[in-house]
Amino acid sequence: MSYKSKPARKQWGFTLLELLVVLVILGLLAAVGGPQVMKYVSSAKSDTAKLQVEEFSAALDMYKLEVGRHPNSQEGLQALVVAPAGAANWNGPYLKKKTVPKDPWGADYHYASPGQHGAFDLYSLGADGREGGEGEDKDVVNW
């Protein structure tokens, strides 16, 4: 009887050195590409705020067409989702959602009617929550 030895199995997988090289390469890519990704994220928030201000402006114009005036500063943007007292012909809500959304940085939008720059002023103070600023801190306004 002949005794056959089992053939050696091939080992599939990666060595520790290969895994470390891949991790170093991924770390270098993240270091180079990470700031670029963050730049796009911050500009996306500003773009979202601009779109929301435009949506509010359109809703406020529809409110004025039906009620005959823009909501005053006391009624605020809440008048777009809940009928204020004495608002005849209110056919809202004028926003798709039944709540007034906050800006992309988690703060309330500022609304004044009558405004200093038009029939109403509507704006977000940006990421820093203060007037003025550059980049993501820049105010997003309707005028």
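See the structure printed just above.
Fair warning: this is a prediction, and the values are worked out from it, not measured in the lab. (Residues numbered from 1 in each chain as written. Predicted model: local features only at pLDDT ≥ 70, side-chain atom pairs only at ≥ 80, totals over all residues. Heavy atoms only, no water.)

S.K.: Break down the overall build of the protein chain for me, with residues and values.
M.R.: Looking only at helices and strands, the protein chain has one helix and three strands in total. Order of helices (α) and strands (β) in the protein chain, N terminus to C terminus: α-β-β-β. Across the 143 residues in the protein chain, those meeting the buried criterion constitute 25%. Restricting the contact set of the protein chain to residue pairs at least 6 apart, pairs at least 24 apart contribute 41%. A total accessible area of about 10,500 Å² is found for the protein chain, and carbon and sulfur atoms account for 60% of it. (Helix = DSSP H or I, 4+ residues; strand = E, 2+ residues; numbered from the N terminus. Buried < 20%, exposed > 50% of the residue type's maximum accessible area, 1.4 Å probe, protein only. Contact = heavy atoms within 4.5 Å. Areas by Shrake-Rupley, 256 points an atom, 1.4 Å probe, with all protein chains shown as cover.)

S.K.: Provide a residue-level description of the packing of aromatic side chains, including the pertinent values.
M.R.: Overall, the coordinates contain five aromatic pairs when judged by the stated rule. Both rings, one in Tyr 63 and one in Tyr 94, keep their centres 5.7 Å apart while their planes meet at 70°; by these two values the pair is edge-to-face. Highlighted residues: Tyr 63 in helix α1 (residues 16-67) and Tyr 94 in the loop between α1 and β1 (110-112), separated in sequence by 31 residues. Residue Tyr 63 shares its accessibility class with Tyr 94, and that shared class is buried. Consider the rings of Trp 90 and Tyr 94, whose centres lie 5.7 Å apart with planes at 85°: the pair is edge-to-face. (Phe/Tyr/Trp six-rings, centres within 6.5 Å; stacked < 30°, edge-to-face > 60°.)

S.K.: Can you explain a nonpolar patch on the surface? Please cite residues and give values.
M.R.: Taken together, the side chains of Leu 16, Leu 17, Leu 20, Val 21, Val 22, Leu 23, Ile 25, Leu 26 and Leu 29 make up a nonpolar region of the molecular surface, amounting to roughly 910 Å² of accessible area. Turning to its location among the elements, Leu 29 is positioned in helix α1. (Patch = residues over 30% accessible without salt bridge, like charges linked within 9 Å, V, L, I, M, F, W, Y side chains within 5 Å. Salt bridge = Lys/Arg side-chain N within 4 Å of Asp/Glu carboxyl O.)

S.K.: Give a detailed account of the pairing of strand β2 (residues 121-124), specifying residues and quantitative values.
M.R.: In the sheet, β1 pairs with β2 via three bridges, with the strands oriented antiparallel. When the sheet's bridge partners are listed, Ala 112 is paired in β2 with Asp 121. Pairing analysis gives two bridges linking β2 to strand β3 (residues 140-141), with the strands arranged antiparallel. Within β3, the position partnered with Ser 124 by the bridge is Val 140. (Pairing = 2+ DSSP bridges.)

The values reported here are purely geometric and, on their own, carry no functional implication.
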